[in-house]
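Each chain, letter by letter, is given below.
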Amino acid sequence: MSTLAGKHIVLGLSGGIAAFKSAELCRALVKAGVTVQVVMTEAAEKFMTAVTMQALSGRPVYTSQWDPREANNMAHINLSREADAIVVAPASADFMAKLLHGGADELLSLMCLARPIDQVPLIVAPAMNREMWSNPATQRNVAQLKADGIHVLDVGQGDQACGETGDGRMLEAEEILEDLEAFFTPKVMSGKQVLVTAGPTYEAIDPVRGITNLSSGKMGFAIARAARMAGASVTLVAGPVHLPTPRGVQRFDVRSARQMLNAAVLHADAADVFIATAAVADWRPAHSADQKIKKDGSGQTPELSFVENPDILATIAQSPRGASGDLFCVGFAAESHDLLAHATAKRLRKGVPLLVGNIGPATFGQDDNALLLVDASGARELPHASKQALAVQLIDDIAVRLTR
Ligand code: C5P
């Protein structure tokens, strides 16, 4: 379940063409279990109608500080007192300048100024032309807003409505949603560096053929995302998978087990936690042909022989930092039966403090899973749930172990 579920967010729109993304954001928030109260400036209403926002949020929209629907006629006070956060998206250059100076000549800025500053965080998603964004006045305002404790989200980069290309686009709705979810996630991994391997490896037979496996990478990507949400800086070494990079995660794509080993060893040096979820191919062809192996029509099949791949987890877990516990190593085991016995034996063989077992064929490619956490003192089950939810529980569990 999203950390946003059950929250009440006041979604403010100031004037900007990016307001069309706010409709999508509103919908996504409602879908995540948030109650959304929309407040719009007069300029915002030039770009998006209050009718649309009312239909998507399921609540009447506020556009004026003189709104007679409020018994005390103090919408700016009442709306802000109920909120878990105020999110202004889009936040125009002018609106940010107004926030900076404590301007309060319409409902949205008045409400932002009137909010209880220690209880109701203010998050803004800037949206403007690239020249407006890079202008020293805007950059100065952004720096001061941050110093004042306002959370200024990044801007996107790319084509702009004006026809120019550059920085200043408002983030996409799903990116803002990810940042809001991260905002509300307890920072149990703050200051930690986490390294994750994920997905299968691909071992070439020749330039067009190879051996691989059905690992989707979903569990590893979910863990990378959960670690980042919990405040870690995350490096993800991914085999060939078709998954988007979790927001804020640094990703390196590799193909073979040996490439994965090199990348993992390189990044393990700076890491506090290493979580090996990759389904690394146990063997690779002893020789990879430089040219495509041709069928010559004789009915003869090529002879393939294999050599064992390096064990990435064991190599890192048994390195000085892994063995001393400076680098906390976590292994995964996909088994078809006798999970506890196999996971217990594997933990000792790999030399890791924590080994996470799952029933392999049942989890490959699926969105759900169940995990068995095996350590020196026994086993604990994380019951069947989405991989996203299990990843959050696993990261919480590891965070507790790091403080012991
Ligand atoms: O030996 P097995 O493949 O079952 O071990 C699984 C665990 O070891 C996983 O954490 C996997 O990522 C890791 N592993 C590895 N390098 C290998 C084989 C497995 O890092 N060559």
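Preceding this paragraph is the structure being described.
Residues numbered from 1 in each chain as written. Predicted model: local features only at pLDDT ≥ 70, side-chain atom pairs only at ≥ 80, totals over all residues. Heavy atoms only, no water.

*Asks:* Can you walk me through the sheet that holds strand β4 (residues 122-126) in this structure?
*Replies:* If you walk across this open sheet you meet the 5 strands as β2-β1-β3-β4-β5, and the pairing is parallel. Two strands in the sheet have a free side with no partner beyond their single neighbour: β2 (35-40) and β5 (151-152). As paired elements, β4 and β5 share 2 bridges and run parallel to each other. Among the inter-strand pairings, Val124 is bridged to a residue of β5, identified as Val152. Packing against the sheet, helix α2 (residues 50-57) makes contact with β1 (8-13) and β2, and its axis sits at approximately 170° to β2. Contacting β1, β2, β3 (85-91) and β4, helix α5 (residues 107-114) runs over the sheet at an angle of about 145° to β3. (Pairing = 2+ DSSP bridges. Helix = DSSP H or I, 4+ residues; strand = E, 2+ residues; numbered from the N terminus. Contact = heavy atoms within 4.5 Å. Axes fitted to C-alpha atoms, helices over the stretch in contact; angles between N-to-C directions.)

*Asks:* Could you clarify how one ought to interpret the nonpolar core in this entry?
*Replies:* Soluble globular proteins tend to pack their nonpolar side chains together in the buried interior. One finds Val194, Ile223, Ile275 and Ile398 to be the most contacted residues of the largest nonpolar core, which totals 36 residues. Sequence-distant contacts of Ile223, defined by excluding residues within four places in its chain, comprise Val196, Ile275, Thr277, Phe332, Ala391, Leu394 and Ile395. (Core = buried A, V, L, I, M, F, W, Y, C linked by side-chain atoms within 4.5 Å. Buried < 20%, exposed > 50% of the residue type's maximum accessible area, 1.4 Å probe, protein only.)

*Asks:* Which parts of the structure should I look at to understand the pattern of salt bridges?
*Replies:* Oppositely charged side chains are able to pair whenever their charged atoms sit close together. Applying the stated criterion across every chain yields a total of 20 salt bridges. Glu172 is the partner of Lys21 in a salt bridge, and the nearest nitrogen-oxygen pair spans 3.2 Å. Of this pair, Lys21 sits in helix α1 (residues 19-31) while Glu172 sits in the loop between β7 (165-169) and α8 (173-184), and the two are 151 residues apart along the sequence. Taking relative accessible area as the criterion, Glu172 reaches 26% and is therefore assigned partly exposed. A salt bridge links Asp206 to Arg209, with the nearest nitrogen and oxygen atoms 2.4 Å apart. A residue is classified by how much of its surface remains accessible, and Asp206, at 2% relative accessible area, is buried. Counted as one network, the salt bridges with shared partners bring together Glu175, Asp179, Arg228 and Arg247. (Salt bridge = Lys/Arg side-chain N within 4 Å of Asp/Glu carboxyl O.)

*Asks:* Hey, could you run me through the packing of aromatic side chains in this one?
*Replies:* The description of an aromatic ring pair uses the distance of the two centres, along with the angle that the planes make with each other. A full pass over the atoms with the stated rule returns 1 aromatic pair. Ring geometry for Phe183 versus Phe184: centroids 5.2 Å apart, planes at 90°, classification edge-to-face. Among the residues examined, Phe183 registers a relative accessible area of 28% and is labelled partly exposed. Its guanidinium or amino end placed over the ring of Tyr62, Arg69 lies 4.4 Å from that ring's centre, counting from NZ or CZ. (Phe/Tyr/Trp six-rings, centres within 6.5 Å; stacked < 30°, edge-to-face > 60°. Lys NZ or Arg CZ within 6 Å of the ring centre and 35° of its normal.)

*Asks:* Looking at this structure, how should I read the site of the ligand?
*Replies:* Near the ligand the following residues occur: Ala276, Thr277, Ala278, Val280, Pro310, Asp311, Ile312, Leu313, Gly331, Phe332, Lys346 and Lys350. Note that an oxygen atom of the ligand is positioned 2.8 Å from one of the backbone N or O atoms of Phe332. Here an oxygen atom of the ligand sits 3.0 Å away from a polar atom, N or O, in the side chain of Lys350. Look at the ligand: alone it shows 440 Å² of surface, and the protein chains cover 86% of it. (Near = heavy atom within 4 Å. Polar contact = N/O pair within 3.5 Å; in protein donor to acceptor, adjacent residues only side chain to side chain. Areas by Shrake-Rupley, 256 points an atom, 1.4 Å probe, with all protein chains shown as cover.)

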